[in-house]
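Observations on the model geometry
These are the residues of each chain, in order.
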Amino acid sequence: QVQLVESGGGLVQAGGSLRLSCAASGSIFSFTKMGWYRQAPGKDRELVAVITISGGTNYADFVKGRFTLSRDSARNTVYLQMNSLKPEDTAVYYCAATRSFSSWNYWGQGTQVTVSS
């Protein structure tokens, strides 16, 4: 049973930073990719960033230059460093992982990020 546990959310002022963590119950290299999604109230869940098993990264246009993915294989953890936060970044952020090359198979419980203006 794969578990993904997010942490690091909270309340921050616009322009501030947060670092989200996603700790996996097993090796992060057992996944073909891991990523972060977010869902704001009344909106659809949207993809924020993805890191592949080879270390390649992709970011949604709305976070490019502000958010950065990294990983620590010793801790089986993927991080999302979020800088220059904006009120529109307010959402529940979800960690996701998959062992396939298509759909996401595993999800965390989510962590709330609130950015005040």
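These lines cover the structure that appears in this document, whether it is placed above or below. Just so it is clear, the model here is predicted, and its values are computed rather than measured. (Residues numbered from 1 in each chain as written. Predicted model: local features only at pLDDT ≥ 70, side-chain atom pairs only at ≥ 80, totals over all residues. Heavy atoms only, no water.)

1. Considerations on the sheet that holds strand β7 (residues 67–72)
- If you trace the 4 strands from one edge of the open sheet to the other, you get β1-β3-β8-β7, paired in antiparallel fashion. Strands at the two margins of the open sheet, each flanked by one partner only, are β1 (4–7) and β7. Between one strand axis and the next, the sheet turns through 20 degrees on average, direction left out of account.
- Alignment of β7 against strand β8 (residues 77–82), held across 6 bridges, turns out to be antiparallel. Looking at the pairing, R71 lines up with V78 of β8. (Pairing = 2+ DSSP bridges. Helix = DSSP H or I, 4+ residues; strand = E, 2+ residues; numbered from the N terminus. Axes fitted to C-alpha atoms, helices over the stretch in contact; angles between N-to-C directions.)

2. A short note on the side chain of T77
- Along the polypeptide, T77 turns up in strand β8.
- What makes T77 buried here is its relative accessible area of 7%.
- From its side chain, T77 meets the backbone oxygen of R75 in a polar contact 2.8 Å long.
- Beyond its immediate sequence surroundings of up to four residues, T77 is in contact with S21, C22, A23, I28, S70, R71 and D72. (Buried < 20%, exposed > 50% of the residue type's maximum accessible area, 1.4 Å probe, protein only. Polar contact = N/O pair within 3.5 Å; in protein donor to acceptor, adjacent residues only side chain to side chain. Contact = heavy atoms within 4.5 Å.)

3. What to know about the packing of aromatic side chains
- Applying the stated criterion across every chain, the model contains 3 aromatic pairs.
- The rings of Y37, W104 and W107 are connected pair by pair, giving a single aromatic cluster.
- The ring centre of Y94 lies 3.9 Å from the NZ or CZ of R45, which sits over that ring.
- Positioned above the aromatic ring of W107, the side-chain terminus of R45 is 4.7 Å from the ring centre. (Phe/Tyr/Trp six-rings, centres within 6.5 Å; stacked < 30°, edge-to-face > 60°. Lys NZ or Arg CZ within 6 Å of the ring centre and 35° of its normal.)

4. Topic: the side chain of S21
- With respect to the secondary-structure elements, S21 resides in strand β3 (residues 18–24).
- Ignoring any residue separated from it by four or fewer positions in sequence, one finds S21 in contact with V5, E6, S7, W36, T77, V78 and Y79.

5. Side note on the environment of D61
- You can see D61 is positioned in the loop between β6 (57–59) and β7.
- Exposure remark for D61: the relative accessible area of 64% places this residue in the exposed category.
- Put simply, D61 and A49 are 12 residues apart on the chain and 9.6 Å apart in space, counted from C-alpha to C-alpha.
- Side chain to side chain, D61 and K64 meet in a polar contact 3.1 Å long.

6. Details of the state of the cysteines
- Taken as a whole and judged by the stated rule, the model has 1 disulfide.
- Disulfide pairing is shown between C22 and C95; the S-S distance is 2.0 Å. Given an S-S torsion of about -75 degrees, the disulfide between C22 and C95 has left-handed geometry. With a gap of 73 residues between them, C22 in strand β3 and C95 in strand β9 (residues 91–98) connect regions that are remote in the sequence.
- Residue class for C22 comes out buried when judged on its relative accessible area of 0%. (Disulfide = S-S within 2.5 Å.)

7. Focus on unusual backbone geometry
- Even without a glycine there, the phi angle at N76 is positive, about 50 degrees.
- Here N76 shows up in the loop between β7 and β8.
- Not every positive phi belongs to a glycine, and S84 is a case in point at roughly 50 degrees.
- Here S84 falls in the partly exposed class, since its relative accessible area comes to 40%.

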